[in-house]
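# Coordinate analysis (summary)
For reference, the chains in residue letters:
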Amino acid sequence: MAIPFFGDVVDTPPLPSATVMLLRDGAPGLQVLLMRRHGNTAVLGGVHVFPGGKLDPTDLLDRADAVDLSGALCRQRLAEPELEPAQALALHLAALRETFEECGLLPGSLADAAQLAALRERTLAGTNLCSAASELGLGLKLSALLPWSRWITPRQPSVSNKRFDTRFFVALAPPEQDIVACARETTEVVWMTPRTALERYWAGDIDLAPPQIMSLSHLTRLGGADAVLDHARTRPPALIAPEPFDEDGVRVICYPGDPAHSQREAAWPGPTRLRFRNRRFEPEGGLDELLG
């Protein structure tokens, strides 16, 4: 299990980042893609996460012809009127880029295996994703990503000594595309139902960070992929600003809707706090509270 970072207050601003919950319907029901980060990774080493990462300078688009959404529309979708349109577009693009880099999937694209291989070759050689897609005549479908939530790491760390301002998206995994995992960053890429992922976490088979725990708990309550996408279309992304505190020497992270949180309205159903015990974060009601 990963050891959380309980350190001093972090004063650096949170880094803009994006992550994608890739979905598909399988025989067991709704499944989500999880990747296990290399154990030597600086952030969340050894933990199962969704594809994603920090905003890169190349995500600040200079090829508007390569994407299907404007910056203004991206901002509207994120429900963040204070955000610069270029930044809103860059966050969508970062989500698409990180997904392609880490697992080889390009949501919304009809590109065949040869085109995706050529795109991968160009991006590995240093060409940014937009330029590489334009060179190959491939459009990037930012509209395939639906904003889901926004997680802002608190100044009092509980998992890492770095802060992130992460926009979570949901997207259907392209059924005709094959996973091509990035060997530098991951040691496992696996499809699991949200329930199975939480059960494996509870059994100690895998490790999950609190945003993944809470997001998977929410997904267990929503049925299939279409239900998740419909849910994303009909409400603004939930803002999750965890508020940690120590109680009797134990770290507790509370979320909107918890009596100890400054936001009294819950962001979604399920637990409103996690407590660090048994060398992991657990809800006070145990596994049953996660599964609903």
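Residues numbered from 1 in each chain as written. Predicted model: local features only at pLDDT ≥ 70, side-chain atom pairs only at ≥ 80, totals over all residues. Heavy atoms only, no water.

### Concerning the overall build of the protein chain
The line we're drawing: By definition, any uninterrupted DSSP run of H or I lasting at least four residues is a helix, any uninterrupted run of E lasting at least two residues is a strand, and each is numbered from the N terminus. When we talk radius of gyration, it's over C-alpha atoms, and the globule rule is simply 2.2 Å times the number of residues to the 0.38. Exposure classes here rest on a 1.4 Å probe applied to the protein chains alone. A residue is buried below 20% of its type maximum, exposed above 50%, and partly exposed in between. In this analysis, two residues are considered to be in contact whenever any of their non-hydrogen atoms come within 4.5 Å of each other. Surface exposure here means Shrake-Rupley accessible area, sampled with a 1.4 Å probe, where a residue is shielded only by the protein chains that are shown. A residue counts as positive if it is Lys or Arg and as negative if it is Asp or Glu; His and the chain ends are not included. For the purpose of locating charges, the reference atoms are NZ of Lys, CZ of Arg, CG of Asp and CD of Glu.
A tally of regular secondary structure across the protein chain gives 8 helices and 12 strands. Scaling as 2.2 N^0.38, a compact globule of 292 residues should have a C-alpha radius of gyration of about 19 Å, and the protein chain matches this with 18 Å. Taking the principal axes of its C-alpha atoms as reference, the protein chain extends roughly 60 × 40 × 40 Å. Of all 292 residues assigned to the protein chain, the portion counted as buried reaches 51%. Looking at the protein chain alone, contacts between residues at least 24 apart form 67% of all its contacts between residues at least 6 apart. Taken as a whole, the protein chain presents about 12800 Å² of accessible surface, with 51% of it coming from carbon and sulfur. The positive charge centre, built from 29 side chains, and the negative charge centre, built from 37, are 2 Å apart in the protein chain.

### Here's the deal with helix H5 (residues 194–203)
Inclusion rule: Taking the helix axis as origin, the arc is that swept by the directions to the C-beta atoms.
Where H5 is concerned, the buried positions are Pro 194, Ala 197, Leu 198 and Tyr 201. Seen from one end, H5 has its buried residues packed into an arc of 95 degrees, which puts them on one side. Buried positions along H5 lie against strand S2 (29–37), strand S7 (186–192), helix H6 (210–219), strand S12 (280–283) and helix H8 (286–291). Positive backbone phi, at 85 degrees, marks Gly 204, one or two positions downstream of H5.

### Side note on the sheet that holds strand S10 (residues 250–254)
Heads up, the rule is: Strand pairing is defined by DSSP finding a minimum of two bridges between the two strands. Only the contacting stretch of a helix is used when fitting its axis, a line to C-alpha atoms as for every element, and angles between N-to-C directions run 0 to 180 degrees.
Overall, antiparallel pairing links the 4 strands, which are arranged S9-S10-S11-S12 in an open sheet. Strand pairing shows two members of the sheet lacking a second neighbour, strand S9 (243–247) and S12, which therefore form its edges. For this sheet, the mean angle separating the axes of adjacent strands, direction not counted, is 30 degrees. Note that S10 and strand S11 (residues 273–277) share 3 bridges and pair antiparallel. Pairing of Val 252 across the sheet is with Arg 275, part of S11. Docked against the sheet, H6 engages S10, S11 and S12, running at close to 130 degrees with respect to S11.

### Overview of the pattern of salt bridges
Cut-off, in case you're wondering: Counted as salt bridges are all cases of a side-chain nitrogen of Lys or Arg within 4 Å of a carboxyl oxygen of Asp or Glu.
Under the counting rule described, the total for this entry stands at 19 salt bridges. With a closest N to O distance of 3.2 Å, Arg 97 and Glu 98 form a salt bridge. The exposure class of Arg 97 is buried, given its relative accessible area of 7%. For Glu 98, a relative accessible area of 8% gives the class buried. In this structure, the salt-bridge partner of Glu 101 is Arg 97, at a minimum N-O distance of 3.1 Å. Remark: Arg 97 and Glu 101 occur in helix H2 (residues 85–103); sequence separation between them is 4 residues, near one turn of the helix. One continuous salt-bridge network, built from bridges that share partners, spans Glu 80, Glu 82, Arg 150, Asp 165 and Arg 167.

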